[in-house]
Amino acid sequence: MELAQVAEQEAHTLSARLTSSHAALRMIGRYGGGLVPFGYRKSPHPSGAGWCLTPDPDTVAIVREIVDDVRSGLSPVAVAGRLNDADVPPVPRDRHALLQGRPMGGRRHGRDFDKFRWTSGTLSKVLRSPSLKGHRIHKGQTVHDAAGTPVLIGPPLLTEEGFDSLQELLKARSNGSHPRSRTTALLTAVAYCSGCGGRMYFAVRRS
């Protein structure tokens, strides 16, 4: 019984140390592991100790192309379709796998994929992430230092003004969307697309 209590106490102590360590790394802009924001890659920290994140030449061009498409008036659905038609690899999840030395694809919605396809949801996560400004993020939010200044992980892909204007554009389009109406389509949000694996929804085509 005593050995079990000691082991449990040690586990709690180790967990607290790891949590504190990762929090400290976030505050100084060092990469402590986890999902690498799309458009970035892991690089040696300028101090010579640990790692940081820097723009990824292989994906930063894709990010800027997506931003330009949205600003030109294309919807995230249209942009995702264009990327898939052009076979532009990889989506953030696959890119992270490649950076970790693992194969692309995996299991989603009960199906196996060799690689994942772009979706409007995937694009939304990329476009709305403060990491585009070079910010260190935790649980989707910018990490700030003791003075309230955003902690940077590297050169920004978008300026503050560029990011803010993009968010206003996305917000305006979202607010302008039509409200959902009741439907008798019983397979709404139940059936899945055989191509991308995403949920299928009922839509009325107007002539």
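Residues numbered from 1 in each chain as written. Predicted model: local features only at pLDDT ≥ 70, side-chain atom pairs only at ≥ 80, totals over all residues. Heavy atoms only, no water.

1. Topic: the nonpolar core
Move 1: Ranked by internal contacts, the top residues of the largest apolar core, which has 28 residues, are Ile 66, Trp 118, Leu 123, Leu 127 and Leu 166.
Move 2: Of all elements in the fold, only helix H2 (57-71), helix H3 (76-85), helix H5 (120-128) and helix H6 (160-175) reach the threshold of two or more residues within this core.
Move 3: The element that contributes the greatest number of residues to this core is H2, accounting for six residues.
Move 4: Excluding anything up to four places from it in sequence, Trp 118 contacts Phe 38, Ile 62, Ile 66, Ala 80, Leu 83, Asn 84, Val 88, Pro 90, Val 91, Pro 92 and Leu 123. (Core = buried A, V, L, I, M, F, W, Y, C linked by side-chain atoms within 4.5 Å. Buried < 20%, exposed > 50% of the residue type's maximum accessible area, 1.4 Å probe, protein only. Helix = DSSP H or I, 4+ residues; strand = E, 2+ residues; numbered from the N terminus. Contact = heavy atoms within 4.5 Å.)

2. Examining the packing of aromatic side chains
Move 1: Tallied over the full model, the rule gives two aromatic pairs.
Move 2: The ring of Trp 51 carries Lys 42 above its face, with NZ or CZ at 4.4 Å from the centroid.
Move 3: Cation over ring: Arg 108 sits above Phe 116, and NZ or CZ is 4.3 Å from the ring centre. (Phe/Tyr/Trp six-rings, centres within 6.5 Å; stacked < 30°, edge-to-face > 60°. Lys NZ or Arg CZ within 6 Å of the ring centre and 35° of its normal.)

3. Examining the confidence of the model for the protein chain
Move 1: Model confidence for the protein chain is summarised by a mean pLDDT of 77, while 70% of its residues fall at 70 or above.
Move 2: Below a pLDDT of 50 lies the segment residues 14-28, which in the model reaches 14 contacts outside its immediate sequence neighbourhood of four places, other chains included.
Move 3: Here residues 203-207 scores under 50 on pLDDT; set against residues more than four positions off or in separate chains, the count is zero contacts. (pLDDT = per-residue confidence, 0-100.)

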